[in-house]
Amino acid sequence: ARCSHSTRPTGWRWCCFMERPLTLTRGSSWAHCSYCHRGATGPWPLTFQLTTRSAMTSKGPEEEHPSVTLFRQYLRIRTVQPKPDYGAAVAFFEERARQLGLGCQKVEVAPGYVVTVLTWPGTNPALSSILLNSHTDVVPVFKEHWSHDPFEAFKDSEGYIYARGAQDMKCVSIQYLEAVRRLKVEGHRFPRTIHMTFVPDEEVGGHQGMELFVQRPEFHALRAGFALDEGIANPTDAFTVFYSERSPWWVRVTSTGRPGHGSLFIEDTAAEKLHKVVSSILAFREKEWQRLQSNPHLKEGAVTSVNLTKLEGGVAYNVVPATMSASFDFRVAPDVDFKAFEEQLQSWCQAAGEGVTLEFAQKWMHPQVTPTDDSNPWWAAFSRVCKDMNLSLEPEIMPAATDSRYIRAVGVPALGFSPLNRTPVLLHDHDERLHEAVFLRGVDIYTRLLPALASVPALPSES
Ligand code: MET
Ligand SMILES: [Zn+2]
Ligand SMILES: [Zn+2]
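Residues numbered from 1 in each chain as written. Chains lettered and ligands numbered in written order. Predicted model: local features only at pLDDT ≥ 70, side-chain atom pairs only at ≥ 80, totals over all residues.

**Q** Which residues make up the site of ligand 1, and what values do they have?
**A** Near ligand 1 you find Glu202, Glu203, Gly205, Pro248, Gln362, Ala400, Ala401 and Thr402, and these make up its full shell. Taken together, the residues of the shell around ligand 1 sort by class into three nonpolar, three polar and two charged. (Near = placed C-beta within 6 Å. Nonpolar A, V, L, I, M, F, W, Y, C, P; charged D, E, K, R; others polar.)

Here it is in C-alpha cells:
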C-alpha cells in the first residue's frame, strides 16, 4: 500500500498505508504522511495554531477524517438523560468490536442497563490489564439556547462540532476506539490486555452502571491494573489530569413548623428555621470561596463547594406551610474529616430549632488518591509519554464526580483525562462543542499513551 498524496493545499487526506491522516502544509502544493514520511515536508506534529486548525478543517463529507465521521455518528445517538437510548449505543459498540476484531462482552448490571466491554488481548495474560472507561449517557439540553440541534452533530465552517456529549464524554469513547484501531492496523501487540468499558448512567450517579459493575465477577475477571476515565477540557495549551475527586454529598434539609393563616405573625415556622440552615450553609460556602480566592496555589477541587439547588414547599400565598425543604449539592474535598463535616451539618440543623432534619441523596465516603509521582509506575508511564510529546500536564482534584471514584474504591488506580486542550469548558453547558482538530489530536495522544501503559513491566505484585 502507498500513500496517496494530494495536490490540494488544504483539507484532510487519508494515508492508506499507515491508516492515518496525511498532514498538509498550508500553502504547499502537496502533502506528506507524517508516519511513513513519504514526501515529508516537515516534522509531525504540525504546530497547533488556529491557522493550522482551519487548514486542517474539512468542508464536505468526502473530505472528512473517518474518525471525525465516526465521532459524529456516535453523537447522534440520543443517550440523553433521563431516557437514554442505551440499546442504540450498545449496538454501535458491538459493531465497532466486529469491525475492529475485538472481543465484545455485554454485562447487564440491572434490567436494561448494559456495560459493553471491548477487549484487545495482550501477549502476556499473567499481567493485569488497562481499563479505558467512558460513560455513554449525556445530560439533558435546553434546546432553545443552542445554535444548532444538539443531536445533529453539526460541524461549522471552522471545524467545531456542536453536540451534547462532544466534550462529556463521547469524544473520549471514540478517541479510545480510534487509537486502538490505528495501533491494531499498524500490527502492534502489547503485553497487557486493553479493555474498553462503555457504561450507562454516570450522569445520574452511576448507581445502575459502574457502581454495580465493579462488584460483579465480570469486572474482577478483567483484572484491571490501571484505569483511564474522563477529565475536563483545558482552555489553555495545557492538559488537565485528575488524580482524585471531591465526594458528592447531596443533602436535603427538611424543616417542619407551625402552620396557619398567612396574615399572622406565627412563631416557629418551617420557613424561619429553613432560612437559618440556608444561611449557615451559604456562609460556609462564602468561607470556602474566599479560601479559594485568596490562595493562588489552591485549585477548585481542593476546597469544598456547595450550591443551593432546590427549594420546595408551600401551597398558597396565604397559607403558612408546615414543611419546607432545601436541597444542596456539596462537593467535599478529599482532605476533609468526613465525620466532623457531617456533625457540622447536623449541628447547623439543630441550631435552627426543633424539627429540622437532613437526609442524603448521594453520600460518597471513600475518596481515594492515585499517586502522581514515579513510585506509581502507571503515572510514570503516563507522564513520560506526555513529556515526550511536549504536552504540559496540570494535575488536579476533579471538582465534579465521575465513575473513577468506583474504580479507585475497589483498589484500581485511575487518572481522569480527556485529551482536550485549547478548548473552552462547555460540559453540561449550552452549545457544547469540540474542534475536530483537537479531537484528532486526542486520538494521536492515546495512540502514544496506550503502547506505554500496555507495556508497563510486571509490577512486584505480578511477578
Ligand atoms: C454525584 S453523581 C455524578 C454526576 C455528575 N458526573 C456530577 O458530577 O454531577
Ligand atoms: Zn462525564
Ligand atoms: Zn457530565
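**Q** I'd like a description of the UniProt feature "domain: Peptidase M20 dimerisation" (unreviewed entry) in the chain, backed by residues and values.
**A** Here the UniProt feature "domain: Peptidase M20 dimerisation" (unreviewed entry) sits at residues 244-353. For the annotated span residues 244-353, helix accounts for 36% and strand for 32% of the residues, and the straight-line distance between the end C-alpha atoms is 37 Å. (UniProt positions renumbered as here; feature names shortened; annotations may be inferred. Helix = DSSP H or I, 4+ residues; strand = E, 2+ residues; numbered from the N terminus.)

**Q** Hey, could you go over the nonpolar core for me, with residue numbers and the actual values?
**A** Core analysis: the biggest nonpolar cluster contains 83 residues, and Cys171, Leu450 and Leu453 have the highest contact counts within it. Sequence-distant contacts of Cys171, defined by excluding residues within four places in its chain, comprise Phe71, Ala166, Ser418, Leu420, Leu434, Phe439 and Gly442. The next biggest cluster of nonpolar side chains, apart from the first, holds 19 residues, and it includes Val277, Ala326, Ala333 and Ala352. (Core = buried A, V, L, I, M, F, W, Y, C linked by C-beta atoms within 7 Å. Buried ≥ 20, exposed ≤ 12 C-beta atoms within 10 Å, placed from the backbone. Contact = placed C-beta atoms within 7 Å.)

**Q** Any details on the sheet that holds strand β9 (residues 194-199)? Residues and values, ideally.
**A** Pairing is mixed across the open sheet formed by eight strands, whose spatial order is β4-β5-β9-β6-β10-β19-β11-β18. A single partner strand is all that each edge strand has here, and the edge strands are β4 (103-110) and β18 (393-398). Each strand axis lies, on average, 25° off the axis of its neighbour in the sheet, ignoring direction. Relative to β18, strand β11 (residues 239-245) is paired through six bridges, and the arrangement is parallel. (Pairing = 2+ DSSP bridges. Axes fitted to C-alpha atoms, helices over the stretch in contact; angles between N-to-C directions.)

**Q** A description of the sheet that holds strand β8 (residues 160-162) should follow, citing residues and the corresponding values.
**A** Across the sheet, three strands lie side by side as β7-β8-β20; this open sheet has antiparallel pairing. Pairing within the sheet leaves two strands with one partner each, and these edge strands are β7 (154-155) and β20 (433-435). As paired strands, β7 and β8 are joined by two bridges and run antiparallel to one another. Paired with Lys155 across the strands is Ile161, a residue of β8.

**Q** Residues and numbers for the domain arrangement of the chain, please.
**A** On domain assignment, one finds that the chain holds domain 1 (13-44), domain 2 (66-245 + 367-462) and domain 3 (247-363). Here the C-alpha centre of domain 3 lies 35 Å away from the C-alpha centre of domain 2. Taken together, the contact between domain 2 and domain 3 spans nine residues of the former and 10 residues of the latter. Tallying contributions element by element places β18 first for the side of domain 2 that touches domain 3, with three residues. Considered class by class, the residues forming the side of domain 2 that touches domain 3 number six nonpolar, two polar and one charged. (Domains from an automatic or database assignment.)

**Q** Can you lay out the environment of Asp335 for me, pointing to particular residues and giving the numbers?
**A** By secondary structure assignment, the location of Asp335 is in the loop between β16 (323-332) and α8 (338-352). Residue classification places Asp335 among the exposed positions, given that 12 C-beta atoms sit within 10 Å. Spatially, the C-alpha atom of Asp335 lies 8.7 Å from that of Pro367, the residues being 32 residues apart in sequence.

**Q** Got a sec to walk through the pairing of β4? Specific residues and values, please.
**A** Taken residue by residue, a regular strand's side chains alternate between the two faces of the sheet. Bridging between β4 and strand β5 (residues 113-120) involves seven bridges; their strand directions are antiparallel. From the neighbouring strand, Gly103 faces β5, where its bridge partner is Thr119.

**Q** With reference to specific residues and values, describe the UniProt feature "active site" (unreviewed entry) in the chain.
**A** Mapped onto this numbering, the UniProt entry gives "active site" (unreviewed entry) at Asp137 and Glu202. Their sequence span is 66 residues, while the largest C-alpha to C-alpha distance among them is just 6.8 Å; these annotated residues converge on one region. Within the secondary structure, Asp137 sits in the loop between β6 (129-135) and β7. Exposure remark for Asp137: the 24 C-beta atoms within 10 Å place this residue in the buried category. The contact partners of Asp137, leaving out residues within four places of it in the chain, are Thr79, Gln81, Pro84, Pro200, Asp201, Glu202 and Glu203. Topologically, Glu202 is positioned in the loop between β9 and α5 (210-213).

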